[in-house]
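Structure at a glance
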Amino acid sequence: MLKITLNQACTDTALATLQRDQLLYGASGGVLSLYDIANSYCYDSTTSPTTAKVLTNINESGNNGSLVVLSGQTLSNAGGGISFAALTDKNSYAKGNAAPLSNLWGAGSGLQYFMYCIYVKLPLLADWNTSSSAFAMLQFGADTGDYRTVADLLALTQNNSGGLAFRRQKAINSADVLVLTPATADYGSVVQLAFWRNASGQGARLKSANGTVLTTTTVNTANSADFSACTQKVGSVGTFNIPAAGNGNAVKWRYYRSFLENLTTSGRDPVTVLDADYTRTIARGVFS
């Protein structure tokens, strides 16, 4: 990004405030969290991923995240992201801050219109979860449970037989489940995964060099469970997944970039934002 520094104060208040990421322009402050492992402002890739290592929120709100790595477990820096491939137990992950979820909850009166996007390298199909239980790659609820038992915003799971599912909680033990089936060439590849809910409905999407997979449903009800204290957790998390027979290799994936946006605040169209971000992100050529 070209940056010009003046030797005096700028008096043109119509100019946009300089942002650290193009995604933030035009969002009206609606991007509540933005993490990018290949961005040195967000993450120091010169040191190993250990517990409490900081993930700096690129929106400069100070609502930063950190890594949680259980004793005896190992994460690694790989391909511009964080690899979970060596994990043998659950609940090691990239953790966010609770402020974004408090914003979406809005004291219980928020519309809960939001978009969540994450870039990952999917496991190979040979490594995919084959157990009868879903295998969580993301959730926002406490890691002592999952959406069936604790307040949550959204979970992303590997189903068996190569499927992915976004599960948006509507109440404890109630969720809208939107399933995506990647293209054959998507397994072992870098993809953009996203979920959104706005006045027009809900959508789950996978975009990659192999095309786009989209699943939609109606807007349905807002979540009645208070998720305001929840935090983003990306990794091996919750009670869905203890790496074991049938899903021990399901941890062989990488996390690169993610953001959570309040669509009521930003007023933006999810697909437009996602397509533009995908084009910019892939063009950087930093994730593999």
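Whatever comes next refers back to the structure up there.
Just so we're clear, the structure is a prediction, and the values are computed from it rather than from any experiment. (Residues numbered from 1 in each chain as written. Predicted model: local features only at pLDDT ≥ 70, side-chain atom pairs only at ≥ 80, totals over all residues. Heavy atoms only, no water.)

All right, on to the overall build of the protein then. When its secondary structure is counted, the protein shows 3 helices and 16 strands. Over its C-alpha atoms the protein spans a radius of gyration of 18 Å, differing by no more than 12% from the 19 Å that the globule rule assigns to 288 residues. With 288 residues in all, the protein has 51% of them scored as buried. In the protein, once contacts between residues fewer than 6 apart in sequence are set aside, the share between residues at least 24 apart is 67%. Accessible area of the protein: about 11,800 Å², with a carbon and sulfur share of 50%. Between the averaged position of the 20 positive side-chain charges in the protein and that of its 17 negative side-chain charges there is a distance of 3 Å. (Helix = DSSP H or I, 4+ residues; strand = E, 2+ residues; numbered from the N terminus. Rg over C-alpha atoms; globule rule 2.2 N^0.38 Å. Buried < 20%, exposed > 50% of the residue type's maximum accessible area, 1.4 Å probe, protein only. Contact = heavy atoms within 4.5 Å. Areas by Shrake-Rupley, 256 points an atom, 1.4 Å probe, with all protein chains shown as cover. Lys, Arg positive; Asp, Glu negative; His and termini not counted. Charge placed at Lys NZ, Arg CZ, Asp CG, Glu CD.)

We now examine the environment of Ala85. Within the fold, Ala85 resides in the loop between β5 (81-83) and β6 (92-95). The exposure class assigned to Ala85 is partly exposed, which follows from its relative accessible area of 35%. Spatially, the C-alpha atom of Ala85 lies 7.5 Å from that of Leu75, the residues being 10 residues apart in sequence. Residues in contact with Ala85, not counting those within four places in the same chain, are Val251, Lys252 and Trp253.

Below, the discussion takes up the pattern of salt bridges. All chains considered together, the criterion is met by 12 salt bridges. Across the pair Asp36 and Arg284 runs a salt bridge whose closest N-O atoms are separated by 2.7 Å. Residue Asp36 is found in strand β1 (residues 31-36), and its partner Arg284 is found in helix α3 (residues 270-284); the two are separated by 248 residues along the sequence. The salt bridge involving Asp275 is made with Arg205; its shortest N-O contact spans 2.9 Å. Taken together, the residues Asp275 in helix α3 and Arg205 in strand β13 (residues 201-208) connect sequence positions 70 residues apart. On the basis of relative accessibility, which here comes to 28%, the residue Asp275 falls in the partly exposed class. Residue classification places Arg205 among the buried residues on the basis of a relative accessible area of 5%. Overlapping salt bridges, with partners in common, bring together Asp21, Asp36, Arg257, Asp277, Arg280 and Arg284 in one network. (Salt bridge = Lys/Arg side-chain N within 4 Å of Asp/Glu carboxyl O.)

Attention shifts here to the pairing of strand β11 (residues 174-180). Of the strand pairs in this sheet, strand β10 (residues 164-171) and β11 are connected by 7 bridges, and their pairing is antiparallel. Directly across from Leu164, in β11, lies its bridge partner Leu180. Linking two consecutive strands that pair antiparallel, namely β10 and β11, is a turn of 2 residues; a positive phi of about 65° is found at Asn173 within it. (Pairing = 2+ DSSP bridges.)

Between its first and last C-alpha atoms α3 spans 21 Å; for 15 residues at 1.5 Å apiece the expected length is 21 Å, and the two agree. For α3, the set of buried residues is Pro270, Val273, Leu274, Asp277, Tyr278 and Thr281. All buried residues of α3 fall inside an arc of 130° around its axis, so they share one side. Summarising the geometry of α3, the exposed residues directed more than 90 degrees from the buried face are Thr272, Thr279 and Ala283. Close packing links the buried residues of α3 with β7 (114-121), β12 (190-198), β13, β16 (254-262) and α2 (263-266). In the stretch just after α3, Gly285 is the one whose phi turns positive, near 65°. (Expected span 1.5 Å × (residues − 1). Arc of directions from axis to C-beta.)

Here we come to the side chain of Ser258. Tracing the backbone shows Ser258 in strand β16. Among the residues examined, Ser258 registers a relative accessible area of 0% and is labelled buried. Side-chain polar atoms of Ser258 contact the side chain of Gln232, separated by 3.2 Å. Within the structure, Ser258 has its side chain in polar contact with the side chain of Tyr255 (distance 2.7 Å). (Polar contact = N/O pair within 3.5 Å; in protein donor to acceptor, adjacent residues only side chain to side chain.)

Moving on, we come to the packing of aromatic side chains. With the rule as written, the count across this model stands at 7 aromatic pairs. When the centroid spacing of 5.2 Å and the interplanar angle of 75° are considered together, the rings of Trp105 and Phe227 count as edge-to-face. Placement of Trp105 in helix α1 (residues 99-105) and of Phe227 in the loop between β14 (211-217) and β15 (233-236) is noted, with a sequence separation of 122 residues between them. Each member of the pair, Trp105 as well as Phe227, carries the same accessibility label: buried. Between the aromatic rings of Phe114 and Phe195, the centroid separation amounts to 5.7 Å while the plane-to-plane angle is 35°, which identifies the pairing as tilted. Of this pair, Phe114 sits in strand β7 while Phe195 is found in strand β12, placing the two residues 81 residues apart along the sequence. (Phe/Tyr/Trp six-rings, centres within 6.5 Å; stacked < 30°, edge-to-face > 60°.)

This next bit is on the sheet that holds β15. Sheet architecture is open: 8 strands sit in the order β2-β3-β6-β15-β8-β9-β10-β11, paired in antiparallel fashion. The open sheet is flanked by β2 (54-55) and β11, the only strands paired with a single partner. Bridge count for strand β3 (residues 65-68) against β6 is 3 bridges, and the pairing is antiparallel. From the neighbouring strand, Val68 faces β6, where its bridge partner is Tyr93.

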